[in-house]
Amino acid sequence: MKKVEVVKDKIRKVRSDKKRDVKPTISAELKNCVYRLSYITNTPVKDVVEIICEKGLESRKVLEYLSQYFRRDYHFVNTIFIGDPGRESLQKKSQSGINERITTRFNQDTYEKIKYLSGALDVTPSKATALLLEASIRNTELLNSYIRTFLRGTLDKMRMKELKQVQSFVKKSNPYSKETSWFDLIDTIVEDVKDNTVNIKESITTWLDRLK
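Scope of this entry: the structure provided in the associated data block. (Residues numbered from 1 in each chain as written. Predicted model: local features only at pLDDT ≥ 70, side-chain atom pairs only at ≥ 80, totals over all residues. Heavy atoms only, no water.)

A word on the overall build of the protein chain
- Within the protein chain, the regular secondary structure consists of ten helices and six strands.
- For the protein chain, with 212 residues in total, the buried portion stands at 42%.
- For the protein chain, contacts bridging at least 24 residues in sequence account for 65% of all contacts bridging at least 6.
- Total accessible area on the protein chain stands at roughly 13000 Å², and carbon and sulfur atoms take up 50% of it. (Helix = DSSP H or I, 4+ residues; strand = E, 2+ residues; numbered from the N terminus. Buried < 20%, exposed > 50% of the residue type's maximum accessible area, 1.4 Å probe, protein only. Contact = heavy atoms within 4.5 Å. Areas by Shrake-Rupley, 256 points an atom, 1.4 Å probe, with all protein chains shown as cover.)

Now the structure itself:
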């Protein structure tokens, strides 16, 4: 009897760890941005979408933005976002222009959170993923956090320090009100040297060496 229970537990564990495929339809512009992030961070597209969405589910600012579309209540930590069934459902609303599908995979825990969000929005999990992805990528703080975490795992302390100094200079020299993000800076670097390098670490090293 005990052996049976152990076997059942193992089967249950495998199923809970299995990832679920989700294929949201997003604007071509957003898809290009995701592919750009994938190239810059040398991370598979499906993983970029997964990471960004997971960060979005933990971001109060992202959920506050999405709450304007909630048709049902949504609990987040110690906050309850009140839904309004009178709001128009976004299920059949699509972005203007060209729309394309993108594929990602979520572990069971994240997928359940996506399903919960989709319930509040009154849309399918696929549509909820599309809305969450766009809201998350448009959040500068979240995107900066994603790029910064990647850079810390890629560059040594000295290179990271040099890059921060460059970013500080750009911020001070920027005549525009828009703040220069890590994504903007790295995107510029990669665009500048991508034809002569094979990865982001080499791109940044080459670019920084040019400044000396």
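Thoughts on the packing of aromatic side chains
- This structure, assessed with the given rule, holds four aromatic pairs.
- Between Tyr65 and Tyr69, the aromatic rings sit 6.1 Å apart at their centres with planes inclined by 80°, giving edge-to-face as the arrangement.
- For Tyr69, a relative accessible area of 25% gives the class partly exposed.
- Residues Phe70 and Tyr74 carry aromatic rings whose centres are separated by 5.2 Å and whose planes lie at 35° to one another, so their mutual orientation is tilted. (Phe/Tyr/Trp six-rings, centres within 6.5 Å; stacked < 30°, edge-to-face > 60°.)

Details of the nonpolar core
- Residues Tyr74, Leu117, Leu133, Leu151, Leu163, Ile186 and Ile204 are the most contacted members of the largest nonpolar core, which totals 54 residues.
- Of all the elements, helix 6 (residues 125-137) adds the most residues to this core, at seven residues. (Core = buried A, V, L, I, M, F, W, Y, C linked by side-chain atoms within 4.5 Å.)

Things to note about helix 3 (residues 45-57)
- The end-to-end C-alpha distance of helix 3, which contains 13 residues, comes to 18 Å, matching closely the 18 Å that a straight helix rising 1.5 Å per residue would cover.
- Along helix 3, the residues classified as buried are Val45, Val48, Val49, Glu50, Ile52, Cys53, Gly56 and Leu57. (Expected span 1.5 Å × (residues − 1).)

So, the packing of helix 3 against helix 6
- Two numbers describe how helix 3 lies on helix 6: the axes approach to 9 Å, and their chain directions differ by 80°. One element, helix 3, and the other, helix 6, form an angle in the roughly perpendicular class. Here helix 3 contributes Val49, Ile52, Cys53, Gly56 and Leu57 to the contact with helix 6, which in turn contributes Thr129, Leu132, Leu133, Ser136 and Ile137.
- When the residues that make up the contact of helix 3 with helix 6 are grouped by side-chain class, the tally is seven nonpolar, three polar and no charged. (Axes fitted to C-alpha atoms, helices over the stretch in contact; angles between N-to-C directions. Parallel < 35°, antiparallel > 145°, perpendicular 65-115°, else oblique. Nonpolar A, V, L, I, M, F, W, Y, C, P; charged D, E, K, R; others polar.)

Regarding unusual backbone geometry
- Even without being a glycine, Val77 presents a positive backbone phi close to 55°.
- Here Val77 lies in the loop between strand 3 (74-76) and strand 4 (79-81).
- On the basis of relative accessibility, which here comes to 72%, the residue Val77 falls in the exposed class.
- For Asp122, which is not glycine, the phi torsion reads 60° and is therefore positive.
- Checked against the element boundaries, Asp122 lands in the loop between helix 5 (108-121) and helix 6.

Description of helix 2 (residues 28-41)
- End to end, helix 2 covers 20 Å across 14 residues, agreeing with the expected 20 Å (1.5 Å per residue, within 8%).
- Judged by how many residues are buried, helix 2 sits mostly within the fold: ten of 14 residues are covered.
- Inspection of helix 2 places Ala28, Leu30, Lys31, Cys33, Val34, Arg36, Leu37, Ser38, Ile40 and Thr41 among the buried residues, and these make up the whole buried set.

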